Amino acid sequence: MLLGRFPAALACAAALAAPAPGQMVTLAEAVKPGDCAKYAVGLTVAGKMILTQDGQKNELKLAAAARHQFSERVLAVDGGMAKKTLRSYETAEAKAAAGPNEIARTLAADRRLVVARRSADGLFCYSPAGPLTREELDTVAEHFNPHCLAGLLPGKAVAVGDTWRLDAAATQAAGQFDELAKNDLAGKLDKVEGGKAQFSITGSAEGTENGAKVKLAVSAAGTFDVASARVVALTWKQADERGDGPVNPASQVEATVTLAREVLADAPKELDDAAAAAVPKDDAPLGPLAHLRYADPKGRYSLLHPREWHVTGQTDTHLILRLLEKGEFIAQATVTQWKKAAPGSHAAVADFKRTLADIPGWVPKGGLDDGEVPTAPGHWLYRVAAQGEMDGLPVVQAFHLLAGPQGDQLVVTFTATPEKQRAVGTRDLGLVNAIDFPSKK
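Residues numbered from 1 in each chain as written. Predicted model: local features only at pLDDT ≥ 70, side-chain atom pairs only at ≥ 80, totals over all residues. Heavy atoms only, no water.

A.B. asks: Would you take a moment to explain the overall build of the chain for this structure?
C.D. replies: The secondary structure content of the chain amounts to 7 helices and 25 strands. For the C-alpha atoms alone, the extent of the chain along its principal axes is close to 100 × 50 × 40 Å. Going through the 441 residues of the chain one by one, you find that 42% of them count as buried. Expressed as a percentage of contacts within the chain between residues at least 6 apart in sequence, the contacts between residues at least 24 apart total 58%. For the chain, the accessible area works out to roughly 21,900 Å², and carbon and sulfur atoms hold 54% of it. Computing the positive centroid from 49 side-chain charges and the negative centroid from 52, the chain places the two 2 Å apart. (Helix = DSSP H or I, 4+ residues; strand = E, 2+ residues; numbered from the N terminus. Buried < 20%, exposed > 50% of the residue type's maximum accessible area, 1.4 Å probe, protein only. Contact = heavy atoms within 4.5 Å. Areas by Shrake-Rupley, 256 points an atom, 1.4 Å probe, with all protein chains shown as cover. Lys, Arg positive; Asp, Glu negative; His and termini not counted. Charge placed at Lys NZ, Arg CZ, Asp CG, Glu CD.)

A.B. asks: Help me understand the sheet that holds strand β20 (residues 328-338) in this model?
C.D. replies: Strand pairing in a sheet takes place through backbone hydrogen bonds and is either antiparallel or parallel in direction. With antiparallel pairing, 7 strands are arranged side by side in an open sheet as β18-β19-β20-β24-β23-β22-β21. This sheet does not close on itself; its edge strands, each paired only once, are β18 (309-314) and β21 (362-372). Within this sheet the neighbouring strands show an average axis-to-axis angle of 20°, counted without direction. Bridging between β21 and strand β22 (residues 380-390) involves 9 bridges; their strand directions are antiparallel. Among the inter-strand pairings, Gly 371 is bridged to a residue of β22, identified as Arg 383. Helix α5 (residues 349-357) rests against β20, β21, β22, β23 (393-403) and β24 (409-416) of the sheet, and its axis sits at about 20° to β22. (Pairing = 2+ DSSP bridges. Axes fitted to C-alpha atoms, helices over the stretch in contact; angles between N-to-C directions.)

A.B. asks: Before we go on, may I ask you to explain the pattern of salt bridges in this structure?
C.D. replies: Think of it this way: side chains of opposite charge can pair up when their charged atoms draw near. Per the counting criterion, the structure on display carries 29 salt bridges. One salt bridge connects Lys 48 with Glu 59, and the closest N-O pair in it is separated by 3.2 Å. With Lys 48 in strand β2 (residues 36-53) and Glu 59 in strand β3 (residues 56-78), this residue pair connects regions lying 11 residues apart in the sequence. According to the relative accessible area criterion, Lys 48 is partly exposed, its value standing at 26%. Arg 427 is the salt-bridge partner of Glu 325, the closest N and O atoms lying 2.9 Å from each other. With Glu 325 in strand β19 (residues 318-325) and Arg 427 in helix α7 (residues 427-433), this residue pair connects regions lying 102 residues apart in the sequence. A relative accessible area of 35% places Glu 325 in the partly exposed class. The exposure class of Arg 427 is partly exposed, given its relative accessible area of 27%. Members of the salt-bridge network, linked through shared partners, are Asp 296, Lys 298, Arg 300 and Asp 316. (Salt bridge = Lys/Arg side-chain N within 4 Å of Asp/Glu carboxyl O.)

A.B. asks: When you look at the nonpolar core in this model, what are you seeing that I'm missing?
C.D. replies: General note: in soluble globular proteins, nonpolar side chains tend to be found buried as a group. Among the nonpolar cores identified, the biggest contains 45 residues, and Leu 27, Phe 144, Leu 152 and Trp 236 are the most heavily contacted of them. Of the residues forming this core, the biggest block, 5 residues, is contributed by strand β13 (residues 212-225). Those residues in contact with Phe 144 that lie beyond four places of it in its chain are Val 41, Leu 149, Ala 174, Gln 176, Leu 234, Trp 236, Val 257 and Leu 259. Within the second largest apolar cluster, 25 residues are counted, among which are Tyr 294, Leu 303, Leu 323 and Ile 435. (Core = buried A, V, L, I, M, F, W, Y, C linked by side-chain atoms within 4.5 Å.)

A.B. asks: Help me understand the sheet that holds strand β17 (residues 302-306) in this model?
C.D. replies: Read across the open sheet, the 3 strands follow the order β16-β17-β25; overall the sheet is antiparallel. With partners counted over all chains shown, the strands left at the sheet margins are β16 (291-295) and β25 (435-436), one partner each.

A.B. asks: What exactly am I supposed to notice about the pairing of β23 here?
C.D. replies: Regular strands place side chains that alternate from one sheet face to the opposite one. Within β23, 9 of the 11 residues are buried, leaving the element largely enclosed by the surrounding structure. Alignment of β22 against β23, held across 11 bridges, turns out to be antiparallel. Bridge pairing in β23 places Gly 388 opposite Val 395. Pairing of β23 with β24 involves 8 bridges; the strand directions are antiparallel. Paired with Leu 401 across the bridge in β24 is Val 411. What sits between the antiparallel neighbours β23 and β24 is a turn of 5 residues, in which Gly 407 has the positive phi angle 90°.

A.B. asks: Would you mind going over unusual backbone geometry with me for this structure?
C.D. replies: Peptide bonds are mostly trans, and most non-glycine residues show a negative phi. Notably, Lys 326 is not glycine yet its phi reads approximately 55°, a positive angle. By secondary structure assignment, the location of Lys 326 is in the loop between β19 and β20. For Lys 326, a relative accessible area of 80% gives the class exposed.

A.B. asks: What's the story with helix α3 (residues 168-175) in this structure? I'm lost.
C.D. replies: Given 3.6 residues to a turn, an α-helix orients residues that are three or four positions apart in the same direction. Among the 8 residues of α3, 6 are classified as buried, and the element is accordingly described as predominantly covered. Among the residues making up α3, those that are buried are Ala 170, Thr 171, Gln 172, Ala 173, Ala 174 and Gly 175. Where α3 begins, the side chain of Asp 167 points an oxygen toward the backbone nitrogen of Ala 169, at a separation of 2.9 Å. Once α3 ends, the next one or two residues include Gln 176, with phi positive near 60°. (Polar contact = N/O pair within 3.5 Å; in protein donor to acceptor, adjacent residues only side chain to side chain.)

A.B. asks: I'm lost on the pairing of β24 in this one. Help?
C.D. replies: With respect to burial, β24 is a largely interior element, 7 of its 8 residues being buried. The sheet contact formed by β20 and β24 spans 7 bridges and is antiparallel. Looking across to β24, one finds that Ala 333 is bridged to Phe 414.

A.B. asks: Would you take a moment to explain the packing of aromatic side chains for this structure?
C.D. replies: Centre-to-centre distance and the angle between the planes together describe a pair of aromatic rings. Enumeration according to the criterion identifies 9 aromatic pairs in this entry. Relative to Phe 70, the ring of Tyr 39 lies with its centre 5.3 Å away and its plane at 25°, an arrangement referred to as stacked. Within this pair, whereas Tyr 39 is found in strand β2, its partner Phe 70 is found in strand β3, the two being separated by 31 residues in sequence. Classification of Phe 70 by relative accessible area gives buried; the value is 0%. Seen from their ring centres, Tyr 294 and Tyr 301 are 6.2 Å apart, and the 40° between their planes marks the pair as tilted. Neither residue differs from the other here; Tyr 294 and Tyr 301 are each classed as buried. By the ring-pair criterion, three or more aromatic residues cluster together here, those being Tyr 39, Phe 70 and Tyr 89. Over the ring of Phe 124 we find Arg 307; its NZ or CZ atom is 4.0 Å from the centre of that ring. Over the aromatic face of Phe 329 sits the side chain of Arg 322, whose NZ or CZ is 4.6 Å from the ring centroid. (Phe/Tyr/Trp six-rings, centres within 6.5 Å; stacked < 30°, edge-to-face > 60°. Lys NZ or Arg CZ within 6 Å of the ring centre and 35° of its normal.)

Structure representation (structure tokens):
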């Protein structure tokens, strides 16, 4: 009977797909532009956040979960791994709780097409549709980066029990480091069965992210499909210890990532040739696409700012941002609500200066700048900059009073040490001039 030959045929096919014990297996991915795959990535995090205030350390229980489903098309390759990809997100959501505080992040419907570009400075993500918010950027840039998958493999034929060291670029991408300082991650081929090669990755890595020192201890297990020559599944567990940084507190967490990958023979419509061709070239200026958008929760103003500025605090009347340059803290900006004036008017300069003289802890020593500054049509801007001391520490402060066409007013204060003032340059004016007020309703 024909049916009787099926088991023999299946056994023959399995023998071809699954190497015999001791046989060498090539664990390598030949990544090339145009490759497409679909991913499902899950994340769970549990641990603690460590806050330091006035020399006192307080611990908050930290828990988080995230889920991402997206299709990805490779646009460029470097070092055997994807360097630049175009992603179309079906699902992108993350939730976290630190003590009593909870946050939820997702992507706007018109920002679900994202370019992810890997470099020596880490991962850079943006949407061709327009600027992302910081929350949207974190949602797409902080999940496990599949660019690293090919780099987790030895890239050659190995036998069961063989080990290999992970490439630094792969470790940087997998660990989401801005800079990698130490890499002791190693892979091992554990077994080959049913056309699937099971491998593991263990070890530690150290580096920095947003200016904070990060130490990882990794224990991961992956599945490599011999027929398609692709990693199709990965469970990545890491113990994550982070020190205090300029924009994030210290933390100690255990994180588990689960990744499933489906190789696509054809690009989905969202990632077709036309969509790929519309992505800006690497040497093309991104302009506003490289910036982040911020909107005041009450709709009082909006801001399009370089992503080097990080929001670190927010109340009903204040917004605090910190400027980082390659992880180094440069300056702080505080946006403060000011009483509204009549449309087309602004506060008196004398009143503004009297308020500056009454700032607690501020002792000016010498003026640097004082006068009206050119700004956007319909807006008015006055700037007072001075050297002095803040709570006994030497600083340079620049105070900006900004008024909009309808009389909306903000005071934006920049604070830096004298040594860092040169690095600030004109970025204070750039941030102030990027503020916009709502038009008359």
